[in-house]
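# Per-entry structural report
Given next are the chains, with one letter for each unit.
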Amino acid sequence: MTDAGRAARRAVCISGGTSGIGASLVAAFLGTGDRVYTFGRDPNKVARLVARWPEAASQGALIALVGDVTHEAFRSQLLDEVRSTSDRLDVLVNNAGVILGSGTLEESVEQWRATLEANLIAPFALTQSCAGLLERSTAPVVINVSSACAQHPFATCTSTSYSVSKSGLDMLTQRLALALGPQGIRVNGVAPGVVESEIWGGNQGLMESIAQRRHVLTRQPIDPADIASAVLFLASPQARSVTGATLKVDAGYTIG
Ligand SMILES: NC(=O)c1ccc[n+]([C@@H]2O[C@H](COP(=O)([O-])OP(=O)(O)OC[C@H]3O[C@@H](n4cnc5c(N)ncnc54)[C@H](OP(=O)(O)O)[C@@H]3O)[C@@H](O)[C@H]2O)c1
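A brief structural summary. Note that the structure is a prediction, hence the values are computed from the model and not measured.

Rules used in this analysis
- Residues numbered from 1 in each chain as written.
- Predicted model: local features only at pLDDT ≥ 70, side-chain atom pairs only at ≥ 80, totals over all residues.
- Helix = DSSP H or I, 4+ residues; strand = E, 2+ residues; numbered from the N terminus.
- Expected span 1.5 Å × (residues − 1).
- Buried ≥ 20, exposed ≤ 12 C-beta atoms within 10 Å, placed from the backbone.
- Arc of directions from axis to C-beta.
- Near = placed C-beta within 6 Å.
- Nonpolar A, V, L, I, M, F, W, Y, C, P; charged D, E, K, R; others polar.
- Pairing = 2+ DSSP bridges.
- Axes fitted to C-alpha atoms, helices over the stretch in contact; angles between N-to-C directions.
- Contact = placed C-beta atoms within 7 Å.

## So, helix α5 (residues 72–85)
Counted at 1.5 Å a residue, the expected span for α5 with its 14 residues is 20 Å, and the 21 Å between its end C-alpha atoms agrees. Residues of α5 that are buried: Arg75, Leu78 and Val82. Buried residues of α5, seen end-on, are gathered within an arc of 60° and therefore sit on one face of the element. Away from the buried face of α5 by more than 90 degrees, exposed residues Ala73, Ser76, Asp80 and Ser84 are located.

Structure below.
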């Protein structure tokens, strides 16, 4: 590839790109010719992702790291990696997230802290770290992966700490859109309904029973690629007037 071709590629950072929705995001952005930086904590999952995209990895189009987004030292390492191969960042997708407990009073304070750390504080901290690099892009975008549970207490997930973390993320999306708008950075979110992924801890039955509920209008889990399509749109010039919005991709779940 020529230097001009390399410069034309968008530089895209996706947290938690090693499984589920994140892996679909990696595929979608690689598919549009972008350079993707991603990471997760489990080295085996990172190795599997690289094995799935050997050419992209060997050509430097896919940079996959092992690391925990809640650790400041890792966020610095990630930023160093981006800076060593790109003069800017065009797209940041805060996708990594966890569900650690279930119930309300049953959840421990430790589970609350860890959930808020991963699902809310880390997206803020990563966006804060990336702001300078994003400002150097001609069309910078941040996209936060929220959830249908954020605004619906009875929805899919039984974990209160998870729902609260995602509600906070929705407000963070709006606050960041306000704060970063003057620098030309758009900030949006997507709020998926029930998506097939590892986050359900392999509980296929639970996922399918949720999907069968009357207000999941398609009566089936959403494909991770459906979320990736929405993110691609929000990251595209076609969405240039969209900021501070969270787009529901929930098969009607939250209108039921
Ligand atoms: N699946 C659904 O039904 C659904 C619905 C609404 C919203 N969402 C949201 O969609 C996002 C992706 O979830 P998913 O369903 O695709 O689940 P998933 O398959 O479990 O993917 C989560 C990804 O995040 C990574 N990750 C988690 N914590 C991390 C940390 N502290 N540091 C770095 N990486 C971390 C995971 O890798 P490691 O574990 O190896 O770190 C994995 O790559 C999450 O924000 C989730 O809340 C999912």
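## Let's talk about the site of the ligand
Surveying the vicinity of the ligand reveals 28 residues, the closest of which are Gly16, Gly20, Gly40, Gly97 and Ser197. At the level of secondary structure, the elements contributing two or more residues to the shell around the ligand comprise α2 (20–31) and β2 (35–40). At 3 residues, α2 tops the list of elements feeding residues into the shell around the ligand. Classifying every residue of the shell around the ligand gives 11 nonpolar, 12 polar and 5 charged.

## So, the sheet that holds strand β6 (residues 186–192)
With parallel pairing, 7 strands are arranged side by side in an open sheet as β3-β2-β1-β4-β5-β6-β7. Edge positions in the sheet fall to β3 (62–66) and β7 (246–249), since each of these pairs with one other strand and no more. Strand-to-strand twist of the sheet, defined as the mean angle between neighbouring strand axes without regard to direction, takes the value 15°. Its contacts with the sheet put helix α7 (residues 160–180) on β5 (141–145), β6 and β7, and the angle it makes with β6 is roughly 165°.

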